[in-house]
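Below are the chains, spelled out letter by letter.
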Amino acid sequence: SLNDWCLYREELEQAYIRRVQIEQRLRQALSLGQLTMVFQPQVDDVKVVYGYEALVRWYDDELGQVGPDEFVGVAESSGLMPALGKFVMETSIREFSEFLGAQGKMWQLAVNISVLQFLQPGFANDVLSLLSRYGLSPKQLVLEMTESLFISNFDDVLAVLNELRKQGVRVSMDDFGTGYSSLSLLRTLPLDELKIDKSFIDGLLDDHKVQNMVASIISIARSHQLELVAEGVETEGQYLALMAMGCKLFQGYYFGRPAALAVGPKSPH
Ligand code: C2E
Ligand code: CA
Ligand code: CA
Ligand code: CA
């Protein structure tokens, strides 16, 4: 009806206005250095931490807390991804290495990467020189990518991935099983790890279909010799069910929430 149409138009307009706002405020926030990174622990089968995933956070005075699910997409479509990606990579590596300096561990750092970043000239070199500047081994870095933008320039992305992997950097397919082309990407991308999407973990305990899908993903990972991480694990029941199915690496609120890394007590001055 006309009424529905008007409502729909209004929603579209509001969505557009918010997008424009986010784009303007994000551009400013990036130049003023107002974004931050938090880190969520990744644990093994006996709940011992082996690494952290870096997640970006943005609090804006007018918009409040804006989630990366919303503003990363805006950055990608408005030319801000190079600046955002650079901030994320530099800040994650620096803060993580300071944290490790205090801990003396060989933990891994997982960083989310937009496919657009692979197309920036010099990306592989920038990453490798950051790692060496902050004393991390390339083997400690995992790049998490989603298939969302996997359409064009595929060969260019592949070349950069191969260059980084030759140096020891690992590649993880995020949100595995949620996209249209998960299986074909498995064949074409050089991968080291799959992350089972949280939506599968949510349904794990009460939906047999979901159980079968998780079992399939676990067996795909095994037969392709890929690491497998279950993410979004919130309860002991989910953890135990995944363990029983043969999953050995985990991430989720049950083990630890994303938080700033504590760099240990500063010496008093
Ligand atoms: P993702 O990479 O799949 O990250 C997992 C998301 O699930 C994170 O949300 C994390 O905070 C949340 N999470 C982790 N464990 C649990 C749990 O047990 N329960 C629930 N309910 N949630 C859990 P976040 O930080 O809001 O990030 C959303 C998405 O935004 C990420 O999904 C990722 O695709 C993107 N993103 C986040 N940080 C970055 C970044 O630095 N760069 C890029 N390119 N994308 C990022
Ligand atoms: Ca991720
Ligand atoms: Ca994910
Ligand atoms: Ca996601």
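In what follows, the structure referred to is the one given above.
Residues numbered from 1 in each chain as written. Chains lettered and ligands numbered in written order. Predicted model: local features only at pLDDT ≥ 70, side-chain atom pairs only at ≥ 80, totals over all residues. Heavy atoms only, no water.

Draft legend 1. Quick look at the site of ligand 1. Around ligand 1 sit 22 residues, and of these R57, D174, K198, E234 and Y253 come closest. Within the side chain of E53, one N or O atom sits 3.3 Å away from an oxygen atom of ligand 1. Taking N112, its side chain carries an N or O atom lying 3.1 Å from an oxygen atom of ligand 1. A total of 800 Å² of accessible area belongs to ligand 1 in isolation, and the protein chains cover 83% of it. Elements represented by at least two residues in the shell around ligand 1 include exactly β1 (35–43), β2 (49–60), α2 (68–77) and β6 (170–176). At 4 residues, β2 tops the list of elements feeding residues into the shell around ligand 1. Taken together, the residues of the shell around ligand 1 break down into 9 nonpolar, 5 polar and 8 charged. (Near = heavy atom within 4 Å. Polar contact = N/O pair within 3.5 Å; in protein donor to acceptor, adjacent residues only side chain to side chain. Areas by Shrake-Rupley, 256 points an atom, 1.4 Å probe, with all protein chains shown as cover. Helix = DSSP H or I, 4+ residues; strand = E, 2+ residues; numbered from the N terminus. Nonpolar A, V, L, I, M, F, W, Y, C, P; charged D, E, K, R; others polar.)

Draft legend 2. Layout of the coordination of the calcium ion (ligand 3). At this site the calcium ion (ligand 3) is bound by D174 (OD), D175 (OD), E231 (OE) and E231 (OE), with donor distances of 1.9 to 3.0 Å. Sequence positions of the residues that donate to the calcium ion (ligand 3) give the spacing D-D-x55-E. In this structure the calcium ion (ligand 2) is found 4.3 Å away from the calcium ion (ligand 3), and D174 serves as a bridging donor for the pair. (Donors = N, O, S within 2.8 Å, 3.2 Å for Na, K, Ca; no water.)

Draft legend 3. Representation of the environment of Q14 in the model. When you line up the elements, Q14 lands in helix α1 (residues 2–32). Its relative accessible area of 52% is what places Q14 among the exposed residues. (Buried < 20%, exposed > 50% of the residue type's maximum accessible area, 1.4 Å probe, protein only.)

Draft legend 4. Molecular detail of unusual backbone geometry. Here K47, not a glycine, exhibits a phi torsion of approximately 65°, which is positive. Along the chain, K47 turns up in the loop between β1 and β2. Residue K47 is classed as partly exposed on the basis of its relative accessible area, which comes to 38%. Here D175, not a glycine, exhibits a phi torsion of approximately 50°, which is positive. Secondary-structure assignment places D175 in strand β6.

Draft legend 5. Molecular detail of the side chain of E53. The residue E53 is located in strand β2 in this model. A distance of 2.8 Å separates the side chain of E53 from the side chain of N112, its partner in a polar contact. At a separation of 2.9 Å, a polar atom in the side chain of E53 contacts the side chain of K195. Excluding its chain neighbours within four sequence positions, the residues that come into contact with E53 are V38, F39, Q40, Q42, A110, N112, E144, D174, K195, E231 and Q251. (Contact = heavy atoms within 4.5 Å.)

Draft legend 6. Layout of the nonpolar core. By size, the foremost hydrophobic cluster in this structure holds 78 residues, and its most contacted members are L35, F96, F118, L164 and L194. By residue number, the principal contributor to this core is helix α3 (residues 81–103), which donates 9 residues. Apart from the residues lying within four places of it in its own chain, the contact partners of L164 are F118, F123, A124, V127, L128, L143 and V169. (Core = buried A, V, L, I, M, F, W, Y, C linked by side-chain atoms within 4.5 Å.)

Draft legend 7. Molecular detail of the pairing of strand β7 (residues 193–196). The two faces of β7 match: E193 and K195 on one face and L194 and I196 on the other face are all buried. Pairing between β6 and β7: 3 bridges, direction parallel. Within β7, the position partnered with M173 by the bridge is L194. With helix α7 (residues 182–188) bridging β6 and the parallel β7, this β-α-β connection has right-handed handedness. As judged from the 4 bridges shared by β7 and strand β8 (residues 227–230), these two strands associate in the parallel manner. Its bridge partner being in β8, I196 is matched across the sheet by A230. (Pairing = 2+ DSSP bridges. Right-handed = clockwise from strand over helix to strand, strands pointing away.)

Keep in mind that these numbers describe shape and distance, not what the molecule does.
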